[in-house]
Amino acid sequence: MPVVLAAALVLVLAAVGIAVVRPGPVADWLGDEPAGRGTAATAAEPAPAAVLAGADANAPMPTLEGVRAALAPLVGVPALGDRVHVSVADVATGQPLFGRGEDDGTVPASVTKLVTGVTVLAARGPAYRIPTRAVAGATPGEVVIVGGGDPTLAVDKKGFYPGAARLDDLAGQVRDALGGTKPTKVTVDSSLYSGPVFEPGWDADIPTGGYGGAITALMTDGARSDVSRAKKDEAAGNHWAERVSQPDLTAGRAFARLLGVPAGAVARGTAPAAAGAATPGPGAELGRVESLPMVRLVDIMISDSDNIVAEALARQVALARDQPASFVGAGAAMDAVAGELGLPADELTLADGSGLSRSNRISPSLLTDLIALAGDGSRPELAAIFGGLPVADWSGTLADRYGTAATKAGAGVVRAKTGTLTKVHAVAGVVSTADGRLLTFAVLTDAVPPDGLTAARGALDRIGAALAGCGCR
């Protein structure tokens, strides 16, 4: 299903541009069908309403002069500071149409997630699921829970991420496997990840600021400490959430409770090596649950700008390329995969996968090359990055943007990932011109006055609106 969806999406994108609909219930579209849901319930879903019409595959391409005339007055405005780097290209052909410092590495903030998404889809594939396992420990009654890096793992059906793998399912498998043996100890093995749990380039307030947290191989609900409150805040458009300080131990204690093991009998350790499939004993697998498919994890990461999920996916790139599952290993692996894809990896320096680090550097031209590659049909699995892109004046981080007279031309026809840190404002995505030609654009600026957030966002939106409102010929 994920592969078919990705292939279908890229065919639509390459042939006629992006067509977006306002979804009905979509929480389980790519996951397992909920128990008890029958044909009648499925048939009752409302028909989706069109939001973004398809682009015309035969529309004329803008000229270099036309794009320059539309953008030149907008990219040098004071609101964007004195380091404004821009790239615009045609999606179908990849032809560059406008550039200003387009090959210069710039602090990208959250548009980094586009690189993370493309590289993990290339390295793991859209159908890959991240496992969480339980194995027999070295002593009788000891159960070891082995983190595989699934940040969406839930304790039970009340988890934050719909359709996520659950610890109560894993605990049930363990009880069945042990038969009459009562678990007496839980060991938490989060050794899959190495290195620091916080990236050194993160601002000092990020570890406790509600948008980042400790990155460990075992966690539940993206390390959120109060899932019920976080779900209510998310529904209201607030992605901030308090995070636990030791996500792996917190998850281990929740697992222990499900097994009837006291919290005092939970400690970190490592799983013993299995003696062999024919010999049930230390290291033997007692249960396994698996995450949502990678295509859905990427969608969550991009649509919600989920930093914890982003760091987990970056480590999946490292694991797929036999690199240490650390910040450094993930950065090196993503750089390598970008090079394998034919992207200008010399214009890419990654210290993390979320964009929280100010040590990251990405050029605008790499981003437009990446988006064009994902949309030209040559690598169908990469098209999953488009599903989660916010739509101007409708969804995600663009829901309350593009509503002014100067920007309304971009409403509904700009789809883009945004990025924001203090002094850093970025956007990268796609836009349909007035003639229906699909373009990709990226604007990165990292020297905006600290108090210039509102003005910078307005200036970025006017650039997208200018591309949407002109044929640029």
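Whatever comes next refers back to the structure up there.
Residues numbered from 1 in each chain as written. Predicted model: local features only at pLDDT ≥ 70, side-chain atom pairs only at ≥ 80, totals over all residues. Heavy atoms only, no water.

J.: An account of the overall build of the protein chain is requested, with residue identities and associated values reported.
T.: For the protein chain, the helix and strand inventory stands at 12 helices and 14 strands. Each of the 473 residues in the protein chain was classed as buried or not, and the buried ones make up 54%. Across the protein chain, the fraction of contacts at a sequence separation of at least 24, relative to all contacts at a separation of at least 6, is 72%. Just so you have it, the protein chain exposes about 18,600 Å², and 55% of that area is on carbon and sulfur atoms. (Helix = DSSP H or I, 4+ residues; strand = E, 2+ residues; numbered from the N terminus. Buried < 20%, exposed > 50% of the residue type's maximum accessible area, 1.4 Å probe, protein only. Contact = heavy atoms within 4.5 Å. Areas by Shrake-Rupley, 256 points an atom, 1.4 Å probe, with all protein chains shown as cover.)

J.: Go over empty space enclosed by the protein with me, naming the residues and quoting the values.
T.: Scanning all chains against the criterion turns up 1 cavity of 30 Å³ or more. Roughly 30 Å³ of volume is contained in the largest cavity. Contributing to the lining of the largest cavity are G149, D150, P151, Y193, I215, T216, M219, I308 and A312. Taken together, the residues of the lining of the largest cavity break down into 6 nonpolar, 2 polar and 1 charged. (1 Å grid on protein atoms, 1.4 Å probe; cavity = no way out; pocket = protein on both sides within 12 Å on 5 of 7 lines; lining within 4 Å. Points joined across faces, edges and corners; volume = space filled by probe spheres on them. Nonpolar A, V, L, I, M, F, W, Y, C, P; charged D, E, K, R; others polar.)

J.: Before we move on, could you go through the pattern of salt bridges and cite the residues and values that matter?
T.: Tallied over the full model, the rule gives 16 salt bridges. The partner of R133 in a salt bridge is E285, and the shortest N-O contact between them spans 3.4 Å. Taken as a pair, R133 in strand β5 (residues 131-136) and E285 in strand β9 (residues 285-290) lie far apart in primary sequence, 152 residues in all. What makes R133 partly exposed here is its relative accessible area of 25%. A cluster of three or more residues bridged by salt bridges with shared partners is formed by R133, E285, R288 and E290. (Salt bridge = Lys/Arg side-chain N within 4 Å of Asp/Glu carboxyl O.)

J.: An account of the sheet that holds strand β12 (residues 414-421) is requested, with residue identities and associated values reported.
T.: An order of β4-β3-β14-β13-β12 is seen for the 5 strands of this open sheet, with the pairing classed as antiparallel. Two strands bound the open sheet, and with one partner strand each, they are β4 (96-100) and β12. Put simply, the sheet's adjacent strands are angled 5° from each other on average, direction ignored. Looking at chain direction, strand β3 (residues 84-90) and β4 are connected through 4 bridges and run antiparallel. Following the sheet pairing, A89 is matched in β4 by P96. Contacts from helix α3 (residues 64-75) reach β3 and β4 within the one sheet, and its direction differs from that of β4 by about 30°. (Pairing = 2+ DSSP bridges. Axes fitted to C-alpha atoms, helices over the stretch in contact; angles between N-to-C directions.)

J.: Explain helix α9 (residues 307-320) residue by residue, including any values.
T.: When the terminal C-alpha atoms of α9 are compared, their 20 Å separation across 14 residues agrees well with the 20 Å that a helix rising 1.5 Å per residue should span. Looking at the buried side of α9, the elements it contacts are α4 (112-124), α8 (294-304) and α10 (327-340). Regarding α9, its N-cap is D306, as a side-chain oxygen of that residue lies 3.2 Å from the backbone nitrogen of I308 further along. A positive phi of about 55° marks D322, the residue just after α9. (Expected span 1.5 Å × (residues − 1). Polar contact = N/O pair within 3.5 Å; in protein donor to acceptor, adjacent residues only side chain to side chain.)

J.: Any chance you could break down unusual backbone geometry for me, citing the residues and the numbers?
T.: Here D322, not a glycine, exhibits a phi torsion of approximately 55°, which is positive. By relative accessible area, which is 73% here, D322 ends up exposed. Phi is positive for D393, which is not a glycine, with a value near 60°. Within the secondary structure, D393 sits in the loop between α11 (364-375) and β12. According to the relative accessible area criterion, D393 is partly exposed, its value standing at 40%.

J.: Outline the sheet that holds β9, supporting the account with residue identities and numerical values.
T.: Ordered by their spatial adjacency, 5 strands build an open sheet running β8-β7-β6-β5-β9, and the pairing between neighbours is mixed. Either end of the sheet is taken by a strand with one partner, and the two such strands are β8 (266-268) and β9. Adjacent strand axes in the sheet meet at a mean angle of 20°, parallel and antiparallel pairs treated alike. Of the strand pairs in this sheet, strand β6 (residues 142-146) and strand β7 (residues 185-189) are connected by 5 bridges, and their pairing is parallel. Across the sheet, the residue bridging to V146 is D189, located in β7. In the packing of helix α5 (residues 167-178) onto the sheet, the strands contacted are β5, β6 and β9, and the crossing angle to β9 comes to about 160°.

J.: Explain the packing of α4 against α11 residue by residue, including any values.
T.: Close contact between α4 and α11 brings their axes to 11 Å; oriented N to C, the two are set at 40°. The orientation of α4 relative to α11 falls into the category oblique. Considering the relative orientation of α4 and α11, their crossing is left-handed. On the side of α4, the interface is formed by L114, V115 and V118, while α11 contributes L366, L367, L370 and I371. Looking at side-chain class alone, the contact of α4 with α11 contains 7 nonpolar, no polar and no charged residues. (Parallel < 35°, antiparallel > 145°, perpendicular 65-115°, else oblique. Left-handed = near helix turned anticlockwise from the far one by under 90°.)

J.: Outline the pairing of strand β13 (residues 424-432), listing residues and values.
T.: Where burial is concerned, most of β13 is hidden: 9 out of the 9 residues are buried. On β13, burial covers both faces: V424, A426, A428, V430 and S432 on one face and H425, V427, G429 and V431 on the other are all buried. Here 8 bridges tie β12 to β13, and the two strands are oriented antiparallel to one another. Across the sheet, the residue bridging to G419 is A426, located in β13. Taken together, β12 and the strand that follows it, β13, pair antiparallel across an intervening segment of 2 residues, in which K423 is found at a positive phi of about 80°.

J.: Describe the nonpolar core, with residues and values.
T.: By size, the foremost hydrophobic cluster in this structure holds 59 residues, and its most contacted members are V298 and I385. Taken together, the elements giving at least two residues each to this core come down to α4, α6 (227-235), α8, α9, α10, α11, β13 and β14 (438-445). In terms of nonpolar packing, the next biggest core, distinct from the first, is built from 31 residues, L71, Y402, A459 and L467 among them. (Core = buried A, V, L, I, M, F, W, Y, C linked by side-chain atoms within 4.5 Å.)

That's the geometry; what it means functionally is another story.
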